[in-house]
Protein chains: 2
Amino acid sequence: MHALLVIAHGSRRASSNEEVMQLAQRLAGQVSSKYQLVEAGFLEMAEPDIAQSMQACIAAGATSIDVLPYFLAAGKHVVTDVPEDVEKVTAAHPSVAVKILPYVGSVPSMLDLMAGICLQD
Amino acid sequence: MHALLVIAHGSRRASSNEEVMQLAQRLAGQVSSKYQLVEAGFLEMAEPDIAQSMQACIAAGATSIDVLPYFLAAGKHVVTDVPEDVEKVTAAHPSVAVKILPYVGSVPSMLDLMAGICLQD
């Protein structure tokens, strides 16, 4: 079973974390052809954290997990922190295929999204 | 003169901040019909900060500034920190029309962008 895990930074504002959880649920509807499970987790300041959310996927039967970093730029979180936390779980579950996808700020369509906000408003 | 100011979080990694500056420059080409100037600034950990980047726009002749928060969720930064820093400059320059646009994570097309990453990879 193929799982998608959206990893966001996490906030002290519960409503911000809830926003990410709801986004992941809406995303599930758009990617259901590929992923039978879509979960969300947080790097810090909120739960489930990366380890907890990966383990939830595995407990639900995931044999592969694609991790989508919900981050905008290749700062320390994207380059170091998220991969390190993911790797710890991966090392403990060698039979699960784990892949980190491009972070959301890295794709060309981000420019179109930004231009859309600017020109519409 | 109408200016667009992209405000990102800022990172300890210089390359991450440079990524944002380059994104703003590429965005300038897409929104040139509306904005004669596009700048970038950072909430923390990098310069120019919000005050410096807004003042640069004003010094360049901006009579209005649209601020685009390059953030993904409505955490403390989007709800409190960015508006507070913007308001300080706005209060000192009442003749400049300043508007904060929707943050990038708030628009429906974010879901399509994320689905695109997941289904393409």
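An account of the accompanying structure is given in this report. Chains are numbered independently. Their residues run from 1 in the order of the written sequence. All chains are assigned letters beginning with A, and all ligands numbers beginning with 1, in the order in which they are written. Per-residue local features are limited, in this predicted model, to residues with pLDDT of at least 70; the limit for side-chain atom pairs, both in listing and counting, is 80 or more; totals at the level of whole chains, interfaces and linings are taken over all residues. As a rule here, side-chain values cover all heavy atoms of the structure and leave hydrogens and water aside.

## Here we look at the sheet that holds strand 1 (residues 2–8) of chain B
Residue and element names in this part refer to chain B. Heads up, the rule is: Strand pairing follows a simple DSSP-based rule, namely that at least 2 bridges must link the two strands. Helix and strand definitions follow DSSP, with helices as H or I runs of at least four residues and strands as E runs of at least two, each counted in order from the N terminus. Each axis is a line fitted through C-alpha atoms, and for a helix only the stretch in contact is used; angles between axes span 0 to 180 degrees, taken between their N-to-C directions. Note on contacts: a residue pair is in contact if any heavy atoms of the two residues lie within 4.5 Å.
Strand order in the open sheet formed by four strands is 2-1-3-4, with parallel pairing between adjacent strands. Two strands bound the open sheet, and with one partner strand each, they are strand 2 (37–42) and strand 4 (97–100). The sheet shows a mean angle of 20° between the axes of neighbouring strands, direction not considered. Bridge count for strand 1 against strand 2 is six bridges, and the pairing is parallel. The partner of L5 across the bridge, within strand 2, is E39. The strands that helix 1 (residues 14–30) touches are strand 1, strand 2 and strand 3 (64–69); relative to strand 2, the one it contacts most, it runs at about 160°.

## Digging into the layout of surface pockets
Residues and elements named next belong to chain A. Defined as follows: Here a cavity denotes a set of grid points, spaced 1 Å apart and computed over the protein atoms alone, in which a 1.4 Å probe fits but from which it cannot get out, and a pocket denotes an open set meeting protein on both sides within 12 Å along at least five of seven lines; residues with an atom within 4 Å of a point are reported as lining. Grid points are joined across faces, edges and corners, and a volume is the space filled by probe spheres set on the points. Classification used: nonpolar for Ala, Val, Leu, Ile, Met, Phe, Trp, Tyr, Cys and Pro, charged for Asp, Glu, Lys and Arg, polar for all others including Gly.
Reported here for the largest pocket is a volume of approximately 920 Å³. Sort the elements by how many residues they give to the lining of the largest pocket and helix 3 (residues 76–92) lands first, with four residues. Across the lining of the largest pocket, the residue classes break down as 16 nonpolar, 14 polar and nine charged.

## Observations regarding the nonpolar core
Let me state the cut-off plainly: Put simply, buried Ala, Val, Leu, Ile, Met, Phe, Trp, Tyr and Cys residues joined by side-chain atoms within 4.5 Å make one nonpolar core. Note on exposure labels: buried denotes an accessible area under 20% of the residue type's maximum, exposed denotes more than 50%, and partly exposed covers the range between, all computed with a 1.4 Å probe on protein chains only.
The biggest cluster of nonpolar side chains holds 55 residues, and the ones touching the most others in it are L68(A), Y70(A), L68(B) and Y70(B). Residues contacting L68(A), with those up to four places away along its chain left out, are L4(A), L5(A), V6(A), I7(A), L27(A), L101(A), P102(A), V104(A), M114(B), I117(B) and C118(B).

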